[in-house]
Amino acid sequence: MSEFSHGIELQFASVTLGGKPVLEDLTLRLTEARIGVLGRNGSGKTTLLRLMAGLIAPDRGQVRVDGVDPFRNRKATLAALGILFQNPDHQILFPTVEEELAFGLVQQGLTPEEAAGRVAALLVAEGRAHWAKVPVSTLSQGQRHYLCLMTVLLMQPRTILLDEPLAGLDLPTQARLARRFAALPQRLVTITHDPAVLAGADRVLWLEAGRIVADGPPGEVVPAFTAEMDLIGAQDADADLAG
Amino acid sequence: MLTPTSPVESPYSRWPAGVKLALVAGLGMVIGALSHVALLAMALALVWLTFLPVGRAEAARLPLRLRPLWPFILVIGGWHILRGTPDVGLAVILRMLIMVAAATLLLLTTRFDALLATFSTLFRPFERLGLPVERIALALAMAVRFIPVLSQRAADLALAWRARSARNPRHRLLTPLALSALDEAERSAEALRARSASV
Ligand SMILES: Nc1ncnc2c1ncn2[C@@H]1O[C@H](COP(=O)(O)OP(=O)(O)O)[C@@H](O)[C@H]1O
Ligand SMILES: [Mg+2]
């Protein structure tokens, strides 16, 4: 797809949080349609996603999404890229489904009437017209995840960043969401600690302590990652504090 | 931020947000001019009556919604009793209750986007002075949305306390509540930034 021509670029990007280096000197060019970032808890995956989404700025180095600085140029970035947070409750801002869905569209410049029309059309197309007035607090965890995905899709970004998109969901919900992700025309960057999620990826990056330790097709990276995790699991890794 | 309350469908829901805001402001001016305690008490009763079209349950819930104001009532009341002006204190307390009740009714029956649009229109004249109108309107509307979230959080914390302690938490929950409010604010700011260019 021609929209993928630019992709996400990092040049010597570093992020320090609370005086601690979390990402160090990352240089990357992501242009594939299905990209996975693998790493264990605390390796910096969420921070990398925030950096790519322009929610935070690098302390050093540069980040570009389809050619623009995602931290400074918010308008262009909102059209280029959407992000699905790990916890939908941290993403949802409004009490009802239709308000939640309409917000981003109005922020993109649609009138409230146009936004309401698009939201109604989407809910009908998804077979969920009855959701419009429903309080978000009455939706199940899986339904909230789904609502967040709808919110992002409505804004029609070219790339979607997914933070542990299947964690904490029951198996049928996981299967349904995974099928939905697989069918999306967008470029997807999926971060996860679970290698199984990345079976269909074009490229997998392994992040460890804020650095890329492996980068290649899943057939190469995943077995190496799994072997290393088994090794660490055999030791008492849980006693270490991430901070 | 999962907001526990959602706009209730009622006759007021169809009124323009600007009209409701103007009515609340007008009410504020009227009761500001009143100092007679009996008249103010009547005004409070009237405001309470205006909850009825929203539903009896909402009207019955008003005292519960006003309950978090008790520290203010205590301080204002105490101060005026000490100064020997209990009438003045009672009037101030009544005015506060009236305004909070009216604002509650406004929030209960007004959607966020309508509130946001009204704030934007209200501040539009200041745009020429270089004021970031969209931003201020968004901040105000978000602050208003935050109120029910905070009271829900306070209730959740009290539950978590009770699950592990037989004693009454009272002020001990203030610190965790403040910290959790800061957390919530930070997360909401990030969620806003992910979808809005004006933050
Ligand atoms: N706001 C913050 N302040 C200080 N340290 C942080 C902050 N956010 C994350 N960290 C630290 O950065 C590291 C990476 O965090 P994160 O990106 O959330 O990892 P992951 O998503 O891979 O589990 C962790 O050690 C975490 O403790
Ligand atoms: Mg994470």
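Summarised in this report is the structure supplied together with it. (Residues numbered from 1 in each chain as written. Chains lettered and ligands numbered in written order. Predicted model: local features only at pLDDT ≥ 70, side-chain atom pairs only at ≥ 80, totals over all residues. Heavy atoms only, no water.)

1. A look at the pairing of strand S9 (residues 211-216) of chain A
Residues and elements named next belong to chain A.
(1) Moving on: Direction of pairing for strand S8 (residues 203-208) relative to S9: antiparallel, over a ladder of five bridges. When the bridges of S9 are listed, Leu 207 appears paired with Ile 212.
(2) Moving on: Connecting the antiparallel pair S8 and S9 is a turn made up of two residues, with Ala 209 showing a positive phi of about 50 degrees. (Pairing = 2+ DSSP bridges. Helix = DSSP H or I, 4+ residues; strand = E, 2+ residues; numbered from the N terminus.)

2. Points about the nonpolar core
For soluble globular proteins, the rule of thumb is that nonpolar side chains tend to be buried together.
Residue and element names in this part refer to chain A.
(1) Moving on: Core analysis: the largest hydrophobic core is formed by 46 residues, its most contacted members being Leu 10, Met 52 and Leu 161.
(2) Moving on: Excluding its chain neighbours within four sequence positions, the residues that come into contact with Leu 10 are Leu 26, Thr 27, Leu 28, Leu 48, Leu 51, Met 52, Gln 62 and Val 63.
(3) Moving on: Within the second largest apolar cluster, 31 residues are counted, among which are Ile 92, Ala 102, Leu 105 and Leu 154. (Core = buried A, V, L, I, M, F, W, Y, C linked by side-chain atoms within 4.5 Å. Buried < 20%, exposed > 50% of the residue type's maximum accessible area, 1.4 Å probe, protein only. Contact = heavy atoms within 4.5 Å.)

3. Let's talk about the sheet that holds strand S1 (residues 8-17) of chain A
Residue and element names in this part refer to chain A.
(1) Moving on: Pairing in this open sheet of three strands is antiparallel, and the strands run S2-S1-S4 from one edge to the other. Of all the strands in the sheet, the pair left with one neighbour each is strand S2 (20-30) and strand S4 (60-65). Averaged over all pairs of adjacent strands, the angle between their axes in this sheet comes to 25 degrees, without regard to strand direction.
(2) Moving on: With five bridges connecting them, S1 and S4 associate as antiparallel partners. Along S4, the bridge assignment pairs Ser 14 with Arg 60.
(3) Moving on: Sheet contacts for helix H1 (residues 45-53): S1, S2 and S4; angle to S1, the most-contacted strand, approximately 125 degrees. (Axes fitted to C-alpha atoms, helices over the stretch in contact; angles between N-to-C directions.)

4. Some points on empty space enclosed by the protein
(1) Moving on: According to the stated counting rule, one finds one cavity of 30 Å³ or more in the structure shown.
(2) Moving on: Around the largest cavity, the lining residues are Leu 78, Leu 81, Gly 82, Ile 83, Gln 91, Val 152 and Met 155 of chain A together with Ala 194 and Arg 195 of chain B.
(3) Moving on: When residues in the lining of the largest cavity are grouped by element, the largest group, three residues, is from strand S5 (residues 81-84) of chain A. (1 Å grid on protein atoms, 1.4 Å probe; cavity = no way out; pocket = protein on both sides within 12 Å on 5 of 7 lines; lining within 4 Å. Points joined across faces, edges and corners; volume = space filled by probe spheres on them.)

5. What to know about the site of ligand 1
Residue and element names in this part refer to chain A.
(1) Moving on: The full set close to ligand 1 counts 13 residues, and Lys 20, Gly 42, Lys 45, Thr 46 and Thr 47 are the nearest of them.
(2) Moving on: Take Ser 43: an N or O atom from its main chain is 3.3 Å from an oxygen atom of ligand 1.
(3) Moving on: One nitrogen or oxygen atom from the side chain of Thr 47 is found 2.6 Å from an oxygen atom belonging to ligand 1.
(4) Moving on: Expressed as a share of its isolated accessible area of 560 Å², the protein-covered part of ligand 1 is 67%.
(5) Moving on: Residue assignment for the shell around ligand 1 shows that the elements contributing at least two residues are S2 and H1.
(6) Moving on: Take the shell around ligand 1: its biggest share by element is three residues, from H1. (Near = heavy atom within 4 Å. Polar contact = N/O pair within 3.5 Å; in protein donor to acceptor, adjacent residues only side chain to side chain. Areas by Shrake-Rupley, 256 points an atom, 1.4 Å probe, with all protein chains shown as cover.)

6. Topic: the interface of chain A and chain B
(1) Moving on: Taken together, the 30 residues of chain A in the interface contact 25 residues of chain B.
(2) Moving on: Both sides of the chain A and chain B interface together cover about 2500 Å² of buried area, and 59% of this is carbon and sulfur.
(3) Moving on: Here chain A and chain B share nine residue pairs in polar contact (both at pLDDT 80 or more) between them.
(4) Moving on: Of all elements in the fold, only helix H2 (74-80), helix H3 (88-91), helix H4 (97-107) and helix H6 (141-154) of chain A reach the threshold of two or more residues within the side of chain A that touches chain B.
(5) Moving on: Broken down by element, the side of chain A that touches chain B gets its largest block of residues, six residues, from H4 of chain A.
(6) Moving on: The residue inventory of the side of chain A that touches chain B, partitioned by class, reads 14 nonpolar, eight polar and eight charged. (Buried area = accessible area lost by both parts, 1.4 Å probe. Nonpolar A, V, L, I, M, F, W, Y, C, P; charged D, E, K, R; others polar.)

7. A word on the pattern of salt bridges
Residues and elements named next belong to chain A.
(1) Moving on: Taken as a whole, this structure holds 20 salt bridges over all chains when the rule is applied.
(2) Moving on: For Lys 133, the salt bridge goes to Glu 98, with nearest N and O atoms at 2.9 Å. A residue pair is termed long-range when its members are at least 10 positions apart, and Lys 133 in the loop between helix H5 (112-125) and H6 and Glu 98 in helix H4 qualify at 35 residues.
(3) Moving on: A residue is classified by how much of its surface remains accessible, and Lys 133, at 55% relative accessible area, is exposed.
(4) Moving on: Close ionic contact of Arg 203 with Asp 215 constitutes a salt bridge, the shortest N to O distance being 2.8 Å. Linking Arg 203 in strand S8 with Asp 215 in strand S9, this pair joins segments that are twelve residues apart in sequence.
(5) Moving on: Looking at Arg 203, the relative accessible area reads 11%, which means it is buried.
(6) Moving on: Exposure remark for Asp 215: the relative accessible area of 38% places this residue in the partly exposed category.
(7) Moving on: When salt bridges with common partners are traced through the structure, they connect Glu 32, Arg 203 and Asp 215 into a single cluster. (Salt bridge = Lys/Arg side-chain N within 4 Å of Asp/Glu carboxyl O.)

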